Amino acid sequence: MTGVWALLGALAVAGAIGVLLKVREGRISSSKASAVPDLPAPVRDLLVAPGVTLVQLSTTFCAPCRHAKVVLRDLADRTDGLTHAELDVTNLPDVAASLGVMRTPTTLALTADGTEVLRVGGVPKRDTLLAALRPHLP
Amino acid sequence: MLKDSPVDPRGPRFSAWMTTVILAIVLLTGWWRLLAAQTVLFAMCAFISLKLNPWGHVYRYAIQPRLTPTTEREEAAPLRFAQGVGFVFALIGTLGYATGLTTLGMVATGLALVAALLNAALGLCLGCEMYLVLRRYVPALARPQ
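Residues numbered from 1 in each chain as written. Chains lettered and ligands numbered in written order. Predicted model: local features only at pLDDT ≥ 70, side-chain atom pairs only at ≥ 80, totals over all residues. Heavy atoms only, no water.

Trainee: I would appreciate a short explanation of the overall build of chain A in the present structure.
Mentor: Helix and strand content of chain A: 5 helices and 5 strands. Reading the secondary structure of chain A in the N-to-C direction produces α-β-α-β-α-β-α-β-β-α. Seen along its three principal axes, the alpha-carbon backbone of chain A occupies a region of about 65 × 30 × 30 Å. With 138 residues in all, chain A has 48% of them scored as buried. For chain A, the proportion of contacts with a sequence separation of at least 24, taken over those separated by at least 6, is 72%. Accessible surface computed for chain A: about 6900 Å², of which carbon and sulfur atoms make up 59%. Of note, chain A has its 14 positive side-chain charges centred 8 Å away from the centre of its 12 negative side-chain charges. (Helix = DSSP H or I, 4+ residues; strand = E, 2+ residues; numbered from the N terminus. Buried < 20%, exposed > 50% of the residue type's maximum accessible area, 1.4 Å probe, protein only. Contact = heavy atoms within 4.5 Å. Areas by Shrake-Rupley, 256 points an atom, 1.4 Å probe, with all protein chains shown as cover. Lys, Arg positive; Asp, Glu negative; His and termini not counted. Charge placed at Lys NZ, Arg CZ, Asp CG, Glu CD.)

Trainee: Just checking my understanding: could you explain the nonpolar core for this structure?
Mentor: Generally speaking, a soluble globular protein has its nonpolar side chains buried in company with each other. With 24 residues, the main nonpolar core has Leu23(B), Leu27(B), Leu35(B), Tyr97(B) and Leu113(B) as its most contacted residues. Contributions of two or more residues to this core are made by helix 1 (2-24) of chain A together with helix 1 (10-29), helix 2 (32-47), helix 4 (76-98) and helix 5 (102-122) of chain B. If one sorts the elements of this core by residue count, helix 5 of chain B sits on top with 7 residues. Ignoring any residue separated from it by four or fewer positions in sequence, one finds Leu23(B) in contact with Leu35(B), Gln38(B), Thr109(B), Ala112(B), Leu113(B) and Ala116(B). Counting 20 residues, the second-largest nonpolar core is a separate cluster that includes Val55(A), Phe61(A), Leu108(A) and Cys125(B). (Core = buried A, V, L, I, M, F, W, Y, C linked by side-chain atoms within 4.5 Å.)

Trainee: For this particular structure, what's the right way to read the interface of chain B and chain A?
Mentor: Often, the extent of an interface is quoted as the loss of accessible area upon association of its parts. The partner chain A presents 31 residues to the 29 residues of chain B that form the contact. With both sides pooled, the region where chain B packs onto chain A buries about 2700 Å², and carbon together with sulfur makes up 71% of that total. Where chain B touches chain A, the interface holds 1 salt bridge. The tally of links between chain B and chain A comes to 4 residue pairs in polar contact (both at pLDDT 80 or more). Breaking the side of chain B that touches chain A down by element, the ones donating at least two residues are helix 1, helix 4, helix 5, helix 6 (126-129) and helix 7 (131-137) of chain B. Per-element tally for the side of chain B that touches chain A: the top contributor is helix 5 of chain B, with 7 residues. Split into classes, the residues belonging to the side of chain B that touches chain A amount to 19 nonpolar, 2 polar and 8 charged. (Buried area = accessible area lost by both parts, 1.4 Å probe. Salt bridge = Lys/Arg side-chain N within 4 Å of Asp/Glu carboxyl O. Polar contact = N/O pair within 3.5 Å; in protein donor to acceptor, adjacent residues only side chain to side chain. Nonpolar A, V, L, I, M, F, W, Y, C, P; charged D, E, K, R; others polar.)

Trainee: Help me understand the state of the cysteines, please; the structure alone is not making it clear to me.
Mentor: Counting across every chain of the model gives 2 disulfides over all chains. Disulfide pairing places Cys62(A) opposite Cys65(A) at an S-S distance of 2.0 Å. One quick way to see it: the torsion about the S-S bond of Cys62(A) and Cys65(A) is about 95°, and its sign makes the bridge right-handed. Residue classification places Cys62(A) among the buried residues on the basis of a relative accessible area of 7%. By relative accessible area, Cys65(A) is classed as buried at 3%. Here Cys125(B) engages in a disulfide with Cys128(B); their sulfurs sit 2.2 Å apart. On the S-S bond that ties Cys125(B) to Cys128(B), the torsion sits near 70°, and the link is right-handed. Here Cys125(B) and Cys128(B) have matching classes, each one buried. (Disulfide = S-S within 2.5 Å.)

Trainee: Teacher, can you tell me more about the packing of helix 2 of chain B against helix 4 of chain B here?
Mentor: Helix-helix packing: each pair is described by the crossing angle between the helix axes and the interaxial distance. Residue and element names in this part refer to chain B. Following both chains from N to C, one finds helix 2 and helix 4 inclined at 155°, their axes separated by 8 Å at the closest point. Regarding the angle of helix 2 to helix 4, the classification is roughly antiparallel. Note that helix 2 runs across helix 4; the crossing there is left-handed. Contacts from Trp32, Leu35, Ala36, Thr39, Phe42, Ala43, Cys45, Ala46 and Phe47 of helix 2 reach helix 4 at Arg80, Gln83, Gly84, Gly86, Phe87, Ala90, Leu91, Gly93, Thr94, Tyr97 and Ala98. Among the residues forming the contact of helix 2 with helix 4, the class breakdown is 13 nonpolar, 6 polar and 1 charged. (Axes fitted to C-alpha atoms, helices over the stretch in contact; angles between N-to-C directions. Parallel < 35°, antiparallel > 145°, perpendicular 65-115°, else oblique. Left-handed = near helix turned anticlockwise from the far one by under 90°.)

Trainee: Whenever I open this one, the side chain of Asp4(B) confuses me. Can you help?
Mentor: Residues and elements named next belong to chain B. With respect to the element layout, Asp4 can be found in the segment before helix 1. Looking at Asp4, its side chain comes within polar contact range of the main-chain nitrogen of Leu50, at 2.8 Å. Within polar-contact distance, the side chain of Asp4 engages the side chain of Arg80 at 3.0 Å. Look past the residues within four positions of Asp4 in its chain and what remains in contact with it is Ser49, Leu50, Lys51, Ala76 and Arg80.

Trainee: Help me out: how do you make sense of helix 1 of chain A in this one?
Mentor: Since the α-helix packs 3.6 residues into each turn, any two residues three or four apart lie on the same face. Residue and element names in this part refer to chain A. Its 23 residues give helix 1 an end-to-end C-alpha distance of 33 Å, which sits within 8% of 33 Å, the value for a rise of 1.5 Å per residue. For helix 1, the complete set of buried residues consists of Gly3, Leu7, Ala10, Ala14, Gly18 and Leu21. Among the residues trailing helix 1, Gly26 stands out with phi positive, at a value near 75°. (Expected span 1.5 Å × (residues − 1).)

Trainee: I would appreciate a short explanation of a nonpolar patch on the surface in the present structure.
Mentor: On the surface, Met1(A), Val4(A), Trp5(A), Leu8(A), Leu11(A) and Leu28(B) cluster together into a nonpolar patch covering about 640 Å² of accessible area. For the nonpolar patch, the element with the most residues is helix 1 of chain A, which contributes 4 residues. With a relative accessible area of 45%, Leu8(A) lands in the partly exposed category. (Patch = residues over 30% accessible without salt bridge, like charges linked within 9 Å, V, L, I, M, F, W, Y side chains within 5 Å.)

Trainee: What's the story with the environment of Cys62(A) in this structure? I'm lost.
Mentor: The residue Cys62(A) is located in the loop between strand 2 (52-58) and helix 3 (64-78) in this model. Along the sequence, Cys62(A) and Arg103(A) sit 41 residues apart, while their C-alpha atoms lie 9.2 Å from each other. In this structure, Cys62(A) is in contact with Thr104(A), Pro105(A) and Pro78(B), ignoring residues within four places of it in sequence.

Following this line, the structure appears as structure tokens:
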């Protein structure tokens, strides 16, 4: 009988996690945009001036990273002043930790001086992201 | 360790459904030998090759021919990592059931079921997305550069 409850419990937990992640997928959090932080060198090297660089953090084990790459590359190709760069942090956990990134894909939108404009967890939604980036594009 | 080529993503989803069913049977019956067999299966897929997965063969011969072909391919690395996560939970579960720590067995099996079900229903691999966090606490996961 306990097994039945354990099964029901597991199904409920899976359902809750699934709903939570679906809701959070592609959600944009705007950054405090305060002083320029100590950006790790591998990230700083990717920044392109002028405009905004979308730095996508990925790992070898991340299947949705590929989908994020397709969305972001396409968006960058069609938008002036927007560049996409992917950084594989599989062997750079310190970089991810110093940026406060827990999951991949996470995409940071950075200006040329290293100021973080916003970040997106999961596979970004094209139109929502573009709308959020508009004020920061040249 | 063999290197697997990219696969049709619907194969692993089918496989995850079968895993979900097996883990559900284990929870309902407490039949730990079945869980032990699943643990061995996880280990073979994670540490040797995904080709050893019997559900992959069932998918290729019985299901794939009935579906419209897809050019979509999924890399093998995330899939094998997911099998490794499954292996850890299934191993703890088997040890729990086999040594009489039934609650431990149920909790570990339940967590493995949560992961398998999320994978099957949503194509989501929690362990893969949280790799960076896992690695911080399990240094052994670090890959040689």
